[in-house]
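The residues making up each chain are set out below.
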Amino acid sequence: QVQLVESGGGLVQAGGSLRLSCAASGRSFSRYGMGWFRQAPGKEREFVAAIGWSSTDYADSVKGRFTISRDNAKNTVYLQMNSLKPEDTAVYYCAAGAYARVAREYTYWGQGTQVTVSS
């Protein structure tokens, strides 16, 4: 069993930055692929970024602006978000499971953290 708790969301102006954190409890954190997804009002949940043991993957919409990283010693995964745009506004979810772009490949989910980017 893995529990995930996100933090770091908030309100930021367009062009600004935020860093999201996802703290995991439970064993074998390093074995899991970790992902970030987001869901805007009225839209489906969409893939943002994923990190495996040494690989990373990004949605085209965030490539070059967002960076995913992990600290296995701290059981934490991060999402550094730069050059934020109003269209990045969403609830951001952390997930643990396979290293994948598809939500169904992830077993554990956090409760989400709101990110709002004002124009």
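First things first, this report covers the structure right here in the doc. All values reported here derive from a predicted model rather than from experimental measurement.

Here is what the cut-offs are and how they apply
Residues numbered from 1 in each chain as written. Predicted model: local features only at pLDDT ≥ 70, side-chain atom pairs only at ≥ 80, totals over all residues. Heavy atoms only, no water. Buried < 20%, exposed > 50% of the residue type's maximum accessible area, 1.4 Å probe, protein only. Helix = DSSP H or I, 4+ residues; strand = E, 2+ residues; numbered from the N terminus. Pairing = 2+ DSSP bridges. Phe/Tyr/Trp six-rings, centres within 6.5 Å; stacked < 30°, edge-to-face > 60°. Lys NZ or Arg CZ within 6 Å of the ring centre and 35° of its normal. Disulfide = S-S within 2.5 Å. Core = buried A, V, L, I, M, F, W, Y, C linked by side-chain atoms within 4.5 Å. Axes fitted to C-alpha atoms, helices over the stretch in contact; angles between N-to-C directions.

Moving on: the pairing of strand E8 (residues 76-81). On any regular strand, side chains alternate: one points to one face of the sheet, the next to the other face. Of all six residues making up E8, five are buried, and the element is well covered by its neighbours. Taken together, the six bridges between strand E3 (residues 18-25) and E8 define a ladder with antiparallel strand orientation. Counted as the bridge partner of Cys22 is Val77 from E8. Here six bridges tie strand E7 (residues 66-71) to E8, and the two strands are oriented antiparallel to one another. Within E8, the position partnered with Phe66 by the bridge is Met81. Between E7 and E8, which follow one another and run antiparallel, lie four residues, and Asn75 among them has a positive phi close to 50°.

Within the structure shown, the criterion is met by five aromatic pairs. With a centroid separation of 6.0 Å and an interplanar angle of 85°, the aromatic rings of Tyr32 and Tyr108 are classed as edge-to-face. Linking Tyr32 in the loop between E3 and strand E4 (33-39) with Tyr108 in strand E10 (residues 106-109), this pair joins segments that are 76 residues apart in sequence. Ring geometry for Tyr106 and Trp109: centres 6.2 Å apart, planes at 65°, overall edge-to-face. Accessibility expressed as a relative area gives 5% for Tyr106, which makes it buried. Judged by relative accessible area, which is 27%, Trp109 ranks as partly exposed. One aromatic cluster is present, formed by Phe37, Phe47, Tyr106 and Trp109 through successive ring pairs. We note Arg45 situated over the ring of Tyr93; from NZ or CZ to the ring centre the distance is 3.9 Å. Seen from the ring of Phe29, Arg70 lies directly overhead, with NZ or CZ sitting 4.7 Å from the centre.

Overall, the coordinates contain one disulfide when judged by the stated rule. Each sulfur of the disulfide joining Cys22 and Cys94 lies 2.1 Å from the other. Handedness of the Cys22-Cys94 disulfide follows from its S-S torsion of about -80°: it is left-handed. Separated by 72 residues along the polypeptide, Cys22 in strand E3 and Cys94 in strand E9 (residues 90-97) bring together distant segments of the chain. No difference in accessibility class separates Cys22 from Cys94, as the two residues are buried.

We now examine the nonpolar core. Leu4, Met34, Trp36, Leu79, Met81 and Tyr92 are the most contacted members of the largest nonpolar core, which has 36 residues in total. Counting residues per element, the ones that place at least two in this core are E3, E4, strand E5 (46-51), E7, E8, E9, E10 and strand E11 (113-118).

Below, the discussion takes up the sheet that holds E7. With respect to topology, four strands assemble into an open sheet ordered E1-E3-E8-E7, the strand pairing being antiparallel. At either end of the open sheet lies a strand with only one pairing partner, and these are strand E1 (3-7) and E7. In this sheet, adjacent strand axes meet at a mean angle of 15° when their direction is disregarded.

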